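Listed here are the chains, written in short residue letters.
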Amino acid sequence: MQDLLYFSQQLVNGLTIGSAYALIAIGYTMVYGIIGMINFAHGEIYMIGAYTALIAITGLATLGVAWLPVILLVALICAVIVSSSMGWAVERVAYRPVRGRHRLIPLISAIGMSIFLQNYVHLAQGSRNIGFPALIDGSFRFGAPESFQLSLSYMQITIFITTLICMTLLSLFISRSRIGRACRAVSQDLGMANLLGIDTNRIISATFVIGASLAAVAGLLLGMYYGSVDPLFGFIAGLKAFTAAVLGGIGSIPGAMLGGLILGVSESMTSGYLSGEYKDVVSFSLLILILLFKPTGLLGKPEVEKI
Amino acid sequence: MLEVQDLSMRFGGLLAVDGVHLDVQNHEIVSVIGPNGAGKTTVFNCVSGFYKPTGGKILFEGKEVQGKPDYKISRLGMVRTFQHVRLFGQMSVVENLLVAQHRHLNTNLLSGLLKTPDYRSREKRSLDKAAYWLERVGLLELANREAGNLAYGQQRRLEIARCMVTEPKLLMLDEPAAGLNPAETNDLNQLIMSLKEDYNVSVLLIEHDMSLVMDISDRITVINQGRPLASGTPDDVRQNDDVIKAYLGEA
């Protein structure tokens, strides 16, 4: 019983963190699916989302707003607006002017964008950790009081549910809406989509904006979950989400969701049964193994040579 | 409608197209033929905006279009197909036709989110149009299949339907009969004729299948090694000595 509870606790922790990874990973995978390039500034967009949410929460607190749903909603909206405009700007500044050039050029310009954004936040907000108020307190507890208890916090439940809602909305958007349909067409054959009169530039902008909005949601959630943010907040999370996207098959949206969950669970199992120090070792080893044995990822389609 | 004057295209030292003239009138099917490597597809690529020609003029409805980007040219009402099938293979058959009407649909995101009556009626109209064309090319029962899983001949017909839902004035087909069996070629023949007769579309065609070309073309232009060789009605071309020489070699 004890063992089972302990295992379940690791599972819950893993799924929590994994679903947040999945939210960030969507941004990598969608951009890759459309233009075949990795958005290396995506981690920074997530970090900016977390900072914006924090600023909004602090602002509301000084105004004396105390009703939790309003605080969360306003923080969410602010984070989404700021991050998605950042996503849009990254595409305009770092990708569009160099589109169609050698693949290394946008890669470098995106890294430049990432360094710029990181240092901008360093300057504007200082480089120390800033505490993030735990707005959602409390937890359900299972198990006898004197032994190991499984705790399922309200925060974790919030992360699950929010992720679930976002993923459902995204899937509906991609499969049903007119713009979603155009996104799929552009990702399959950009040239042909262009010829059929689709404004491919707008569709590319839209994917950056959607990815950035989801990253902003993850920023707010993980900021509250970890309880603090710093300007390097986006670096490791970005790397992990990138790993998740590759693990699931880059370019595949269900792949990013699956990859995020697998990565999250394997990390928390490592921390729970081995040691917390090993968790990054395990996640990046997973990446290496996938790249060695199934380079297209778990749900990725093998690249068919176009004739 | 379309007029190509003295078109030339140079790739480094290679002059792939040299002084080609071509014109397509309203309500006309014009074919471009020539041996392999004659530069037919290069002419197509110049006209549709894939290449920026190094010389000459291309006029569409009186306006110069040479060197304009491909999407602008297609918006004027010139759509093309390619030698190989370029469908959105992982989307369903009907989605391929809906996405081609993207530009004609409401561009307002908000009305899409709120599903306003106007948005719905536009969606409905584009669905009706897609259904109409699927029926027309005999693919209606396959509407929800993944396009990439259709048989080759069906994919070819779907491509033409996808061009037609954009309501083009000029349809440019690059070897539409390649890889089709005689029965399918015959169907295609009928389809192209009816596009001209019933929908008032002009067609510019590149084709190797001589029976197709001779049957349906109003006029034929022959090019060889990038240069214009002959042009005229199918009968003129059939009896032209230069053409016979280029195709059969000298006796």
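Residues numbered from 1 in each chain as written. Chains lettered and ligands numbered in written order. Predicted model: local features only at pLDDT ≥ 70, side-chain atom pairs only at ≥ 80, totals over all residues.

### Here's the deal with the overall build of chain A
Put simply, the rule reads: Helix and strand definitions follow DSSP, with helices as H or I runs of at least four residues and strands as E runs of at least two, each counted in order from the N terminus. Only the C-alpha atoms count toward the radius of gyration. The rule for a globule is 2.2 Å times the residue count to the power 0.38. A pair of residues counts as a contact when their C-beta atoms, built from backbone coordinates, are separated by no more than 7 Å.
Scanning chain A for helices and strands turns up eleven helices and four strands. Against the 2.2 N^0.38 benchmark of 19 Å for 307 residues, chain A shows a C-alpha radius of gyration of 20 Å, consistent with a compact globule. Based on the C-alpha atoms only, the size of chain A along its principal axes is roughly 70 × 50 × 35 Å. At a minimum sequence separation of 6, the contacts of chain A that also span at least 24 residues come to 75%.

### Some thoughts on the interface of chain B and chain A
Where we set the bar: Residues are grouped as follows: nonpolar covers Ala, Val, Leu, Ile, Met, Phe, Trp, Tyr, Cys and Pro; charged covers Asp, Glu, Lys and Arg; every other residue, Gly included, is treated as polar.
With 21 residues of chain B at the contact, the number on the chain A side is 15 residues. Within the residue set of the side of chain B that touches chain A, elements represented by two or more residues are helix H2 (70-76), strand E6 (78-80) and helix H3 (93-99) of chain B. The residue makeup of the side of chain B that touches chain A, split by class, is eight nonpolar, seven polar and six charged.

### Brief notes about the sheet that holds strand E5 (residues 63-64) of chain B
Residues and elements named next belong to chain B. So the rule is basically this: A pair of strands counts as paired when DSSP detects no fewer than two bridges linking them. Helix axes use the C-alpha atoms of the stretch in contact, all axes being lines fitted to C-alpha atoms, and the angles between their N-to-C directions lie in the range 0 to 180 degrees.
Strand order across the open sheet formed by four strands is E2-E1-E4-E5, with antiparallel pairing between neighbours. A single partner strand is all that each edge strand has here, and the edge strands are strand E2 (14-24) and E5. Strand direction decides the pairing type here: strand E1 (residues 2-11) and E2, joined by eight bridges, are antiparallel. Directly across from Arg 10, in E2, lies its bridge partner Leu 15. Running at roughly 110 degrees to E1, helix H1 (residues 40-47) makes contact with E1, E2 and strand E4 (55-60) of the sheet.

### Observations regarding the environment of Gly153(B)
All names here are of chain B. For Gly 153, the position within the fold is in helix H6 (residues 152-164). Taking the C-alpha atoms as reference points, Gly 153 and Met 214, 61 residues apart in sequence, are found 21 Å from one another. In this structure Gly 153 touches Leu 180 and Glu 184, once residues within four positions along its chain are discounted.

### Some thoughts on helix H8 (residues 200-226) of chain A
An α-helical turn contains 3.6 residues, so a residue and the one three or four places further along point in the same direction. Residue and element names in this part refer to chain A. To keep it simple, the criterion reads: Expected helix span is computed as 1.5 Å times (number of residues minus one). With C-beta atoms placed from the backbone, a residue is labelled by how many other C-beta atoms lie within 10 Å of its own: buried for 20 or more, exposed for 12 or fewer, partly exposed between the two.
The end-to-end C-alpha distance of H8 is 38 Å, a good match for the 39 Å that 27 residues give at a rise of 1.5 Å each. Burial analysis of H8 places 21 of its 27 residues in the buried class, the great majority of the element. At the C-terminal side of H8, Gly 227 shows a positive phi close to 85 degrees.

### Some details on the pairing of strand E9 (residues 219-224) of chain B
The side chains of a regular strand alternate between the sheet's two faces. All names here are of chain B. Here four bridges tie strand E3 (residues 29-33) to E9, and the two strands are oriented parallel to one another. Looking at the pairing, Ile 33 lines up with Val 222 of E9. When E9 meets strand E10 (residues 227-232), the two strands line up antiparallel, connected through five bridges. Looking at E10, one finds that Thr 221 is bridged to Ser 231.

### Observations concerning the nonpolar core
Defined as follows: We call a set of buried Ala, Val, Leu, Ile, Met, Phe, Trp, Tyr and Cys residues a nonpolar core when their C-beta atoms link them within 7 Å. For the purposes of this description, domain bounds are those given by an automatic or database domain assignment.
The biggest cluster of nonpolar side chains holds 154 residues, and the ones touching the most others in it are Ile24(A), Ala25(A), Ala50(A), Ala218(A) and Leu220(A). Looking at which domains feed residues into this core, each of domain 1 (2-87 + 169-248) and domain 2 (88-149) of chain B gives three or more. Residues within four places of Ala25(A) in sequence aside, it is in contact with Ala241(A), Ala244(A), Ala245(A), Ala256(A), Gly259(A) and Gly260(A).

### A look at the sheet that holds strand E8 (residues 202-206) of chain B
Residues and elements named next belong to chain B. An order of E6-E7-E8-E3-E9-E10 is seen for the six strands of this open sheet, with the pairing classed as mixed. With one partner strand each, in any of the chains shown, E6 and E10 form the two edges of the open sheet. Ignoring which end each strand starts from, the neighbouring axes of this sheet average 15 degrees apart. Note that strand E7 (residues 170-174) and E8 share five bridges and pair parallel. The partner of Leu 171 across the bridge, within E8, is Val 203. On the sheet, helix H7 (residues 182-199) packs against E3, E7 and E8 and is oriented at approximately 150 degrees with respect to E8.

### A closer look at H6(B)
All names here are of chain B. Between its first and last C-alpha atoms H6 spans 19 Å; for 13 residues at 1.5 Å apiece the expected length is 18 Å, and the two agree. The element H6 is largely enclosed, with a buried count of ten among its 13 residues. Taken residue by residue, H6 has Gln 155, Arg 156, Arg 157, Leu 158, Glu 159, Ile 160, Ala 161, Arg 162, Cys 163 and Met 164 as its buried positions. In this fold, the buried residues of H6 make contact with E6, H3, helix H5 (117-136), E7 and H7.

### Topic: the environment of Gln90(B)
The topology assignment puts Gln90(B) in the loop between E6 and H3. When the 15 C-beta atoms within 10 Å are taken as the criterion, Gln90(B) is described as partly exposed. Between the alpha carbons of Gln90(B) and Asp18(B) there is a distance of 40 Å; along the sequence they are 72 residues apart. Gln90(B) has contacts with Gln188(A), Glu146(B) and Gly148(B), leaving out every residue within four places of it along the chain.

### As for the domain arrangement of chain B
Considered domain by domain, chain B is made up of domain 1 (2-87 + 169-248) and domain 2 (88-149). Computed over C-alpha atoms only, the centres of domain 1 of chain B and domain 2 of chain B are separated by 29 Å.

### Regarding the pairing of E4(B)
Residue and element names in this part refer to chain B. For E1 and E4, the ladder comprises five bridges, and the chain directions are antiparallel. Across the sheet, the residue bridging to Gln 5 is Lys 57, located in E4. For E4 and E5, the ladder comprises two bridges, and the chain directions are antiparallel. The residue bridging Leu 59 from the neighbouring strand is Glu 64, located in E5. If you look at the hairpin formed by E4 and E5, you'll find two residues sitting between the two strands, and Glu 61 has a positive phi there, around 50 degrees.

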